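Descriptive analysis of the structure
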Amino acid sequence: MSSITVTNMSILFPIYHSEARSLKKIVFAAASGRIKENRQHRIVVEALREITLSLNSGDRLGFIGHNGAGKTTFLRALAGIYEPVQGSIVIDGKVTALLDPGQGMNMELTGRENIRLRGLFDKLSPQQIEQLEEDVAEFAELGQFLDLPVRTYSSGMVVRLGFGLATAIKPEILLMDEWLLAGDASFMAKARNRLENMVRGADVLVLSSHSAQIIMQWCNRVIWMDRGRIKMDGQPDEVLSAYLPPEQFEEAKAALKFALRDAPMPEAALNP
Amino acid sequence: MTLTSLPRADAATPDLLKSASAPQSRVSIDAATGAGAKARAAFGDVAETLQLWRLVWKLSFLDIRLRYRGSLLGPFWLTLSTGVMIGALGFLYAGLFHTDIHTYLPYLSLSLILWNFLSALTAEGCTCFTISEAMIRASRMPLTLHAARVVIRNFLVFAHNIVVVVVVFAVMRKIPGAQSYLIIPAFALWFVDGFAICLLIGAFCARFRDVPPIVASVMQIAFFVTPILWSPAILEHRGIGTLLIKWNPFYSLLEIIRAPLLGTPLHLATWAFALGYSAVLVALAGVMFALARPRLAYWV
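What you see as residue numbers is a count from 1 along each chain, following the sequence as written. Starting at A for chains and at 1 for ligands, labels are handed out in the order in which the entities are written. At least 70 in pLDDT is required for a residue's local features to be given in this predicted model, at least 80 for side-chain atom pairs to be given and counted, and no such filter applies to totals for whole chains, interfaces and linings, which use all residues. Side-chain calculation: all heavy atoms of the structure are included, whereas hydrogens and water are not.

With that out of the way, let us pick up the overall build of chain A. Here a strand is any run of E in DSSP of at least two residues, a helix any run of H or I of at least four, and the numbering for each starts at the N terminus. A tally of helices and strands in chain A yields nine helices and 11 strands. Here's how the labels work: a residue is buried when its accessible area is under 20% of the maximum for its type, exposed when over 50%, partly exposed in between, all with a 1.4 Å probe on protein chains only. Counting across all 272 residues of chain A, residues that qualify as buried make up 56%. What makes two residues a contact is simply this: any of their non-hydrogen atoms within 4.5 Å. Across chain A, contacts joining residues at least 24 apart in sequence account for 73% of those joining residues at least 6 apart. Accessible surface, chain A: about 11,600 Å² in total, of which carbon and sulfur atoms supply 52%. Reported accessibility uses the Shrake-Rupley method at a 1.4 Å probe radius. Residues are deemed covered only where the shown protein chains occlude them.

The subject of this paragraph is helix H8 (residues 211–225) of chain B. Residues and elements named next belong to chain B. Taking 1.5 Å of rise per residue, 15 residues should cover 21 Å, and H8 covers 21 Å from first to last C-alpha, within 8% of that figure. Of the residues making up H8, those classed as buried are Val211, Val215, Met219, Ala222 and Phe223. Down the axis of H8, the buried side of the element spans an arc of 115 degrees, and every buried residue falls inside it. Counted as exposed and oriented over 90 degrees from the buried face of H8: Pro213 and Ile221. The inward-facing, buried residues of H8 contact helix H4 (101–126), helix H7 (183–207) and helix H10 (249–262). A helix is expected to reach a length of 1.5 Å times the quantity of its residues less one. Comment: arc refers to directions from the helix axis out to C-beta atoms.

This part is about unusual backbone geometry. Residue and element names in this part refer to chain A. The residue Glu50 is not glycine, and still its phi comes out positive at about 45 degrees. Checked against the element boundaries, Glu50 lands in strand S3 (residues 43–56). By relative accessible area, which is 48% here, Glu50 ends up partly exposed. Of note, Arg227 is a non-glycine position whose phi angle comes to about 45 degrees, a positive value. Mapped onto the secondary structure, Arg227 falls in the loop between strand S10 (221–226) and strand S11 (229–234).

Another aspect to go through is the confidence of the model for chain B. Detailed conclusions should not be drawn from predicted coordinates in areas where pLDDT is low. Averaged over all residues, the pLDDT of chain B equals 86, while 90% of them reach at least 70. Counting interchain partners and residues more than four positions distant, the pLDDT-below-50 stretch residues 19–23 of chain B has 13 contacts. Think of pLDDT as the predictor's per-residue confidence, scored from 0 to 100.

Another point: the pattern of salt bridges. Pairs can form between side chains of opposite charge once their charged atoms are near each other. Residue and element names in this part refer to chain B. By salt bridge we mean one thing: a side-chain nitrogen of Lys or Arg within 4 Å of a carboxyl oxygen of Asp or Glu. Taken as a whole, this structure holds 21 salt bridges over all chains when the rule is applied. With its nearest N and O atoms 3.1 Å apart, the salt bridge here joins Asp63 to Arg153. Taken together, the positions of Asp63 in helix H2 (residues 53–67) and Arg153 in helix H6 (residues 144–171) put the pair 90 residues apart, joining distant regions of the chain. There is no split in this pair, since Asp63 and Arg153 are both buried.

Another aspect to go through is helix H8 (residues 236–243) of chain A. Note that an α-helix has 3.6 residues per turn; residues three or four places apart therefore point the same way. Where H8 of chain A is concerned, the buried positions are Pro236, Val239, Leu240 and Tyr243 of chain A. Along the axis of H8 of chain A, the buried residues cluster in a sector spanning 95 degrees; they form a single face.

Okay, the environment of Val211 of chain B next. All names here are of chain B. Tracing the chain through its elements places Val211 in helix H8. For the pair Val211 and Pro265, spaced 54 residues apart in sequence, the C-alpha to C-alpha distance is 38 Å. Those residues in contact with Val211, other than ones at most four positions away along the chain, are Phe204 and Cys205.

Residues and elements named next belong to chain A. When you line up the elements, Asp59 lands in the loop between S3 and strand S4 (60–64). The class for Asp59 is buried, based on a relative accessible area of 17%. In this structure Asp59 touches Ser54, Asp203, Val204, Leu205, Asn220 and Arg221, once residues within four positions along its chain are discounted.

Our next topic: the pairing of S11 of chain A. Looking along a regular strand, one sees side chains alternate from face to face of the sheet. Residues and elements named next belong to chain A. The rule for pairing is simple: two strands pair if DSSP sees at least two bridges between them. Where S10 lies against S11, five bridges are found, and the strand directions are antiparallel. Opposite Trp224, over in S11, you have Met232 as the bridge partner. Counting the residues that bridge the hairpin from S10 to S11 gives two residues, and of these Arg227 lies at a positive phi of roughly 45 degrees.

When a protein is soluble and globular, its nonpolar side chains tend to lie buried together. Here, nonpolar core refers to any group of buried Ala, Val, Leu, Ile, Met, Phe, Trp, Tyr and Cys residues whose side-chain atoms link them within 4.5 Å. Phe129, Trp190 and Ile256 of chain B are the most contacted members of the largest nonpolar core, which has 143 residues in total. The residues contacting Phe129 of chain B, other than those within four sequence positions of it, are Ile136, Leu143, His146, Cys198, Leu199, Gly202, Ala203, Phe289, Leu296 and Val300 of chain B. Listed in part, the 31 residues of the second largest apolar core include Leu207, Ile214, Val222 and Leu244 of chain A.

Given below as structure tokens:
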């Protein structure tokens, strides 16, 4: 059983490396009071403010919200990368965070070397690493490129490699940013099965996306983030209908129905 | 049909690997903790790095390979360039100082490769966290891993350079002293110190980006005031000698390796000084890292 418990968590980004005054001028107007000075008169951005949240096994949570609402920061906090300045977070279970296609891969190293490093990071045995290598190589279809540095890959190849790696090891808690679901059509057709298996195998899924259709398809709970706070938390239909203009909401529902008729997805969050 | 009622896909997909780590891992992060909890978190970080030693080794190894990918001699360029430098400097300075080349060249070769290790370690230690930004932001991992990687990588470079010393000793018919076994604890101390240096300046440089050039110029000055090119015998009976030799942390650290190999007398006090300076360094690094650890992901 995996779970995440977040209690009264705030995350502030200190800004050290820019000239405070000019930055103040530029951002203050637009930022709706999220930029403040802390005790030492440093400029900080309040990325998340006093968030309380509890996730349990079976939760498939979707984050929606405008750019800069704090969705990615929230994912990083749930992964334990950003430690909060206030409040606490308890993560029970093995977390896999898929936050960007690069995933901390070293672009100078070959695809194969990056796969091996990931295996070592996950404390796999040499046999398991070999298995991982085969599995990813087969999925990503890199052929000879597997032994060339990742920086020589096309962006599509990087996504395939990153995706293959990310989906090869089954997590208990899965945190995904949108990129993973944003491949082209032919890639998605191939990736779909693999992704579904992984998502279904995970105890807890947290997904950040701008696409209402994807959220409806994968999630059974939705949180609307706004300026670093939780604006709304509830069933997908309920939150999305409040978040989206009515015609877009209907459009997304229609598109989902259409997609489901083509390829029925058992785990669609259409409640019985 | 709801999601939770679906069977888990474990059995249906044998091709998917299960992570081999502990079945239940629990991470608890609380912002409002005292010094004790901060210290425990820092120790926990080091313990996790130790568990990932295979990854640290592979990363360090790949760093070296990457640096010399596509070159003919590979890492032995390190050996060759060190050898050329020691050869050239050795004959020049032996002439300048009017010393016997047979005693000077072994001394110089040993001193220089040790110093090269130290100066590369401090330079790369400065960027140990900032350079791993992509990894730090991609997933939660022990941060001391990045410091350990720099230390291991530089020990690998050092291992390549040992060839030069062996050749110099052989050519100059110099036989290592009877107490050479003393270099084993000395290297262990260097390892701990190297790790502490990387943590200390790495965390500091992540926060203050002006620090690396300062560290570089301090090391430059230290190179000239420490007995590396010149023998401490030159200053033995002058007042300034005490300052540059006795109170110089670099001198005691160099001497605990140099003296046993060169067969020169090694005083117990030198080891005491080396241990004393190391204790201070480790304590500073520990405090610095414990305080900086929760903030490093924001700084890089």
